[in-house]
Amino acid sequence: MAPFIPLEESFPDIREGVRNLCAQFPGEYWREKDQKRAYPAEFVAALTAAGYLAALIPEKYGGSGLPISAAVAILEEIHRSGCNGAACHAQMYIMGTVLRHGSEEQKRRYLPGIASGELRLQAFGVTEPNTGSDTTQLKTMAVRSDDSYVVNGQKIWTSRAEYSDLLLLLARTTPLDEVKSRRHGLSVFLVEMNKVDGLEIRPIRTMINHATTELFFSDMHIPASSLIGQEGEGFSYILDGMNAERILIGSESIGDARFFIDRATAYAKEREIFGRPIGQNQGVQFPIARSYASTEGAHLMVSKAAALFDSGISCGPEANMAKLLAGDAAWAAADMCMQTFGGFGFAEEYDIERKFRESRLYQIAPISTNMILAYIGQHVLGLPRSY
């Protein structure tokens, strides 16, 4: 049976609830956090208390057991409201690795606490400074020693590590020169960061308030029970969760694009120069209209990818295209909005420049546009591998 792809706004009650919550955190709140590079703990606590961050956790573990399309609605509305879900969005897709590949004991131990907010699962340690997007070449090693693993290495761009209790870590358990294929030899661990020694967290100040860090592991001992699933199969487990990540990041970009379109449209109607609203000028009106059309098209791809995911149907191409198209739509809308506002767009009080910076991230992270194009070229169109 073909999946149902909604053509109208999905989950209206959830969307209204999210909008009402976000109204309590206006632009002033985010500008202050941005200026101080401070973590929006109050916002994350409010989302947690309302149950939105536990939307995808099954009811038997304390969550709502909703489909990913509900999470799409939540994150889209957060961003359309001018807020930023990046402070906590990772929990929604990281926990899927535990849910799909963890033991029942691990699920019962961690998921209820994550659902209630007692435990924070926000940190995802994959990328390394010398390997970048080439995940199969990771150097961080986890060596088995009796009933524990000893971890040595480094991770970079691990966001929210300072504000997370748990870290989902991808590390090598078999040396690269001993694996049968480059997809094997990596394993996933769930690390209780406040219970280990040998972990150093260094913040990285960036152009946006993303609470990102680099991690250093020096003989960090973790229990063997930290292993998720089978040793050596971690790369497949991580790939399994990438589709959810792509879809949810795509939904945030749709929200960003709609934020810019909403602001630009309102401003173009109100701002009068030369005795007429600037929105009457085609040079202003047409870019707004083009952004609207691009965003609606990208939204359909996000909806399709989410519908396939919820139906248990393979959605790798759709999830990647959703992230690509939505990210492009958001960045184009950001540029359009800045042009519409002119000099006022650079003023912090309008929140355009802040969202402009935030939307730029998704041309690069969590996967770059070029990597998605390479995936489509090779795995969808059958073209020769380009890298």
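Our subject is the structure listed above.
The sections below set out a description of the structure shown in this document.

About the cut-offs
Every chain is numbered on its own, with residues counted from 1 as its sequence reads. Reporting of local features is limited, given that this is a predicted model, to residues whose pLDDT is at least 70; pairs of side-chain atoms are given and counted only at 80 or more, and all residues count toward the totals for whole chains, interfaces and linings. The side-chain quantities take in all heavy atoms of the structure and omit both hydrogens and water. Only DSSP runs of H or I covering at least 4 residues are called helices, and only runs of E covering at least 2 are called strands; the numbering of each starts at the N terminus. Note on method: radius of gyration uses C-alpha positions; expected globular size equals 2.2 Å times residues raised to 0.38. Accessible area is worked out with a 1.4 Å probe on protein chains only. A residue is then buried under 20% of its type maximum, exposed over 50%, and partly exposed in between. Accessible areas in this description were obtained via Shrake-Rupley with a 1.4 Å probe; residue shielding takes into account the shown protein chains only. Neither His nor the chain ends is counted toward charge; the positive residues are Lys and Arg and the negative residues Asp and Glu. Charged groups are reduced to one reference atom each: NZ for lysine, CZ for arginine, CG for aspartic acid, CD for glutamic acid. We call two residues contacting when some pair of their heavy atoms lies within 4.5 Å. Only buried Ala, Val, Leu, Ile, Met, Phe, Trp, Tyr and Cys residues count toward a nonpolar core, and they belong to the same one when joined by side-chain atoms within 4.5 Å. All axes are obtained by fitting lines to C-alpha atoms, using only the stretch in contact for helices, and the reported angles, taken between N-to-C directions, cover 0 to 180 degrees. Classification used: nonpolar for Ala, Val, Leu, Ile, Met, Phe, Trp, Tyr, Cys and Pro, charged for Asp, Glu, Lys and Arg, polar for all others including Gly. Definition used for salt bridges: Asp or Glu carboxyl oxygen within 4 Å of a side-chain nitrogen of Lys or Arg. Cysteine sulfur atoms that come within 2.5 Å of each other are treated as a disulfide pair. For this analysis, a ring pair means two rings from Phe, Tyr or Trp (six-membered ring only for Trp) whose centres lie within 6.5 Å, classed as stacked if their planes differ by under 30 degrees, edge-to-face if by over 60, and tilted for the remaining angles. Two thresholds decide whether a charge sits over a ring: the Lys NZ or Arg CZ must be within 6 Å of the ring centre and within 35 degrees of the ring normal.

Glancing now at the overall build of the chain. Scanning the chain from N- to C-terminus turns up 11 helices and 10 strands. The globule rule puts the C-alpha radius of gyration for 387 residues at 21 Å, and the 21 Å found for the chain is close to it. Across the 387 residues in the chain, those meeting the buried criterion constitute 53%. Carbon and sulfur atoms make up 52% of the accessible area of the chain, which amounts to about 17500 Å² in all. In the chain, which carries 38 positive and 46 negative side-chain charges, the distance between the mean positions of the two groups comes to 3 Å.

This brings us to the side chain of Lys-33. Residue position: Lys-33 is located in helix α2 (residues 27–36). With residues up to four places along the chain from it excluded, the contact list for Lys-33 reads Ala-38, Tyr-39, Pro-40, Glu-42 and Asn-209.

Right, let's talk about the nonpolar core for a bit. Ranked by internal contacts, the top residues of the largest apolar core, which has 69 residues, are Phe-43, Ile-78 and Ile-247. The residues touching Phe-43, leaving out its near neighbours within four places in the chain, are Leu-21, Cys-22, Phe-25, Tyr-29, Trp-30, Ile-78, Cys-83 and Asn-84.

Moving on, we get to unusual backbone geometry. Residues Ala-365 and Pro-366 are joined by a peptide bond in cis, for which omega reads -5 degrees. The residue Pro-366 is located in the loop between α10 (352–360) and α11 (369–380) in this model. With phi around 50 degrees, Arg-37 is a residue other than glycine that occupies positive phi space. Relative to the helices and strands, Arg-37 resides in the loop between α2 and α3 (41–49). What makes Arg-37 partly exposed here is its relative accessible area of 23%. Positive phi, close to 55 degrees, is recorded for Phe-274, a residue that is not glycine. Here Phe-274 shows up in the loop between β9 (272–273) and β10 (276–277). Judged by its relative accessible area of 82%, Phe-274 falls in the exposed class.

A few words now on the environment of Glu-128. Its place among the elements puts Glu-128 in the loop between β1 (121–125) and β2 (141–145). Each C-alpha atom of the pair Glu-128 and Ile-278 lies 47 Å from the other, and the pair is 150 residues apart in sequence. Dropping the residues within four chain positions of it, Glu-128 is found in contact with Leu-138, Lys-139, Thr-140, Gln-154, Lys-155 and Ile-156.

Look at helix α4 (residues 68–80) against helix α8 (residues 282–310): their axes get within 8 Å of each other, and the N-to-C directions meet at 145 degrees. Every residue of α8 that contacts α4 at Ile-68, Ser-69, Val-72 and Glu-76 is listed here: His-299, Val-302, Ala-306, Phe-309 and Asp-310. Across the contact of α4 with α8, the residue classes break down as five nonpolar, two polar and two charged.

With that settled, consider the pattern of salt bridges. Applying the stated criterion to the full structure yields 25 salt bridges. Put simply, Glu-200 and Arg-202 hold a salt bridge, and the shortest N to O gap is 2.8 Å. The exposure class of Glu-200 is partly exposed, given its relative accessible area of 37%. Through salt bridges with shared partners, one network takes in Glu-28, Arg-31, Asp-256, Asp-351, Arg-354, Lys-355 and Glu-358.

Counting across every chain of the model gives zero disulfides. Unpaired in this structure, Cys-83 has its nearest cysteine sulfur neighbour in Cys-22, at a distance of 3.8 Å. According to the relative accessible area criterion, Cys-83 is buried, its value standing at 0%.

This part takes up the packing of aromatic side chains. The description of two aromatic rings rests on the distance between their centres and on the angle between their planes. A full pass over the atoms with the stated rule returns 11 aromatic pairs. Relative to Phe-43, the ring of Trp-30 lies with its centre 4.9 Å away and its plane at 75 degrees, an arrangement referred to as edge-to-face. Residue Trp-30 is located in helix α2, and its partner Phe-43 is located in helix α3; the two are separated by 13 residues in the primary sequence. When sorted by exposure, Trp-30 lands in the same class as Phe-43, which is buried. The structure contains a cluster of three or more aromatic residues connected by ring pairs, namely Phe-25, Tyr-29, Trp-30 and Phe-43. Above the plane of the ring of Tyr-387 lies Arg-385, whose end atom (NZ or CZ) is 4.1 Å from the centre.

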